[in-house]
Amino acid sequence: MDLLSMQADKNAPKLIKRNFLGEEINLIEFHPAYEKLLNHAVDSKMFAIKWEDDLRARFAGEIHKLGFASGFLYAQAEMVIYCPLCMTDGAARLIDGYCEEEDRGRLIPRIATLNPDELFTGAMFLTEKSVGSDVGANLVTASHEKDKNYRLNGEKRFCSNANIIFVLARTAEVPQGTKGLSLFLVEKSLPDGSSNYKNIVRLKDKLGVRSMASAEIILTDTIGKRVGEKGEGFK
Ligand SMILES: Cc1cc2nc3c(=O)[nH]c(=O)nc-3n(C[C@H](O)[C@H](O)[C@H](O)COP(=O)(O)OP(=O)(O)OC[C@H]3O[C@@H](n4cnc5c(N)ncnc54)[C@H](O)[C@@H]3O)c2cc1C
């Protein structure tokens, strides 16, 4: 893993905005070393032990110790990918505790999988242009569409490339500050296979953690499903 880690660090991901026909594709291309490191994470079973039903039952009471012990060993060689891996685990916890049964049944197996090709990674889009530590100053808006579905608009920063994303956004009728924020489940692809968030402006040129893609994204009518009560997203 050490060699792969160094290769991934020296070969940062690239954003390919358009294909050769000029069509917008917003593809993020990772070095093969990055993909191999991701495969090692799946092989280590750091997610399976925590989220695969049979293993959870068999090791009940020990799953956090085993999952994080595996992560601790992994991070001795590769600290960068361990960041999105931890966020994937955090996303699984939110899905498990707060999402609808249909979403849980569909998404948790993609995190618990032992097949690297099937893995869904998770992320949180909280940070905005002028909103880092002060999350209550968040500006991205959420307008109600139908049932629990909302349309999200505005710019997010430090967005890790992921399939399952939890986004904080502000609905119109609630107070300012963190009390006004709701949480939304955003999936990279819509049920018809089309992309749910399209406009990746650029990847950040960072001093460290370079093998990971941290994007600036303009959400434009991105569909998000509210998780939990309105205005309770920060909690
Ligand atoms: C590698 C990397 C990955 C990231 N991944 C994600 C991600 O996946 N999702 C996501 O949403 N965000 C992500 N972030 C963003 C991260 O959450 C923010 O960087 C963090 O919240 C800090 O915000 P900021 O960088 O705007 O710093 P600021 O909030 O501008 O803070 C700058 C400095 O001012 C200090 N400061 C801030 N407010 C105060 C105050 N009121 N009083 C005194 N001092 C203060 C801070 O301690 C800090 O030293 C990532 C960042 C990095 C570097």
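Summarised in this report is the structure supplied together with it. (Residues numbered from 1 in each chain as written. Predicted model: local features only at pLDDT ≥ 70, side-chain atom pairs only at ≥ 80, totals over all residues. Heavy atoms only, no water.)

1. Observations concerning the overall build of the protein
- Within the protein, the secondary structure is distributed over 7 helices and 9 strands.
- The C-alpha atoms of the protein give 18 Å as radius of gyration, which agrees with the globular expectation for 235 residues (18 Å, within 12%).
- The dimensions of the protein, computed from C-alpha atoms along their principal axes, are 50 × 45 × 35 Å.
- Within the span of the protein, comprising 235 residues, buried residues form 44% of the whole.
- Summarising the internal contacts of the protein: among those between residues at least 6 apart in sequence, 65% fall at separations of at least 24.
- Counting only carbon and sulfur atoms, one obtains 54% of the accessible surface of the protein, whose full area is about 12,600 Å².
- Charged side chains of the protein number 32 positive and 33 negative; the gap between the two group centres comes to 4 Å. (Helix = DSSP H or I, 4+ residues; strand = E, 2+ residues; numbered from the N terminus. Rg over C-alpha atoms; globule rule 2.2 N^0.38 Å. Buried < 20%, exposed > 50% of the residue type's maximum accessible area, 1.4 Å probe, protein only. Contact = heavy atoms within 4.5 Å. Areas by Shrake-Rupley, 256 points an atom, 1.4 Å probe, with all protein chains shown as cover. Lys, Arg positive; Asp, Glu negative; His and termini not counted. Charge placed at Lys NZ, Arg CZ, Asp CG, Glu CD.)

2. Description of the site of the ligand
- Around the ligand, the structure places Met-87, Met-124, Phe-125, Leu-126, Thr-127, Gly-132, Ser-133, Phe-158, Ser-160 and Val-209.
- In the environment of the ligand, a nitrogen atom lies 2.7 Å from a nitrogen or oxygen atom belonging to the backbone of Met-124.
- Here a nitrogen atom of the ligand and a backbone polar atom of Phe-158 are 3.3 Å apart.
- Compared with its free state, where it exposes 970 Å², the ligand has 40% of that area covered by protein.
- For the shell around the ligand, the secondary-structure elements that each account for two or more residues are β3 (122-125) and β5 (149-160). (Near = heavy atom within 4 Å. Polar contact = N/O pair within 3.5 Å; in protein donor to acceptor, adjacent residues only side chain to side chain.)

3. What about the packing of helix α1 (residues 2-10) against helix α2 (residues 32-43)?
- Axis separation between α1 and α2 bottoms out at 8 Å; the angle between their running directions is 135°. Between α1 and α2, the angle falls in the class oblique. Once α1 is placed against α2, the crossing between them reads as left-handed. Across the interface between the two elements, Leu-4, Ser-5, Gln-7 and Ala-8 of α1 pack against Ala-33, Tyr-34, Lys-36, Leu-37 and His-40 of α2.
- Residues belonging to the contact of α1 with α2 are distributed by class as follows: 5 nonpolar, 3 polar and 1 charged. (Axes fitted to C-alpha atoms, helices over the stretch in contact; angles between N-to-C directions. Parallel < 35°, antiparallel > 145°, perpendicular 65-115°, else oblique. Left-handed = near helix turned anticlockwise from the far one by under 90°. Nonpolar A, V, L, I, M, F, W, Y, C, P; charged D, E, K, R; others polar.)

4. Observations concerning the pairing of β5
- In the sheet, strand β4 (residues 141-146) pairs with β5 via 5 bridges, with the strands oriented antiparallel. Its bridge partner being in β5, Ala-142 is matched across the sheet by Leu-152.
- Adjacent in sequence and paired antiparallel, β4 and β5 are bridged by 2 residues, among which Asp-147 carries a positive phi angle near 50°.
- Bridge count for β5 against strand β9 (residues 214-227) is 9 bridges, and the pairing is antiparallel. By the bridge assignment, Glu-155 is partnered in β9 with Ile-218. (Pairing = 2+ DSSP bridges.)

5. Notes on the packing of aromatic side chains
- Here the structure, examined in full by the defined rule, presents 4 aromatic pairs.
- Taking 4.3 Å as the distance between ring centres and 20° as the angle between the ring planes, the aromatic pair formed by Phe-30 and Tyr-34 counts as stacked. Exposure class is identical for Phe-30 and Tyr-34. Each is buried.
- Between the aromatic rings of Tyr-74 and Tyr-82, the centroid separation amounts to 6.5 Å while the plane-to-plane angle is 40°, which identifies the pairing as tilted.
- For Arg-110, the ring lying beneath its charged end belongs to Phe-120, and the centroid distance is 4.0 Å.
- When the ring centre of Phe-158 is taken as reference, the NZ or CZ atom of Lys-204 above it lies at 4.9 Å. (Phe/Tyr/Trp six-rings, centres within 6.5 Å; stacked < 30°, edge-to-face > 60°. Lys NZ or Arg CZ within 6 Å of the ring centre and 35° of its normal.)

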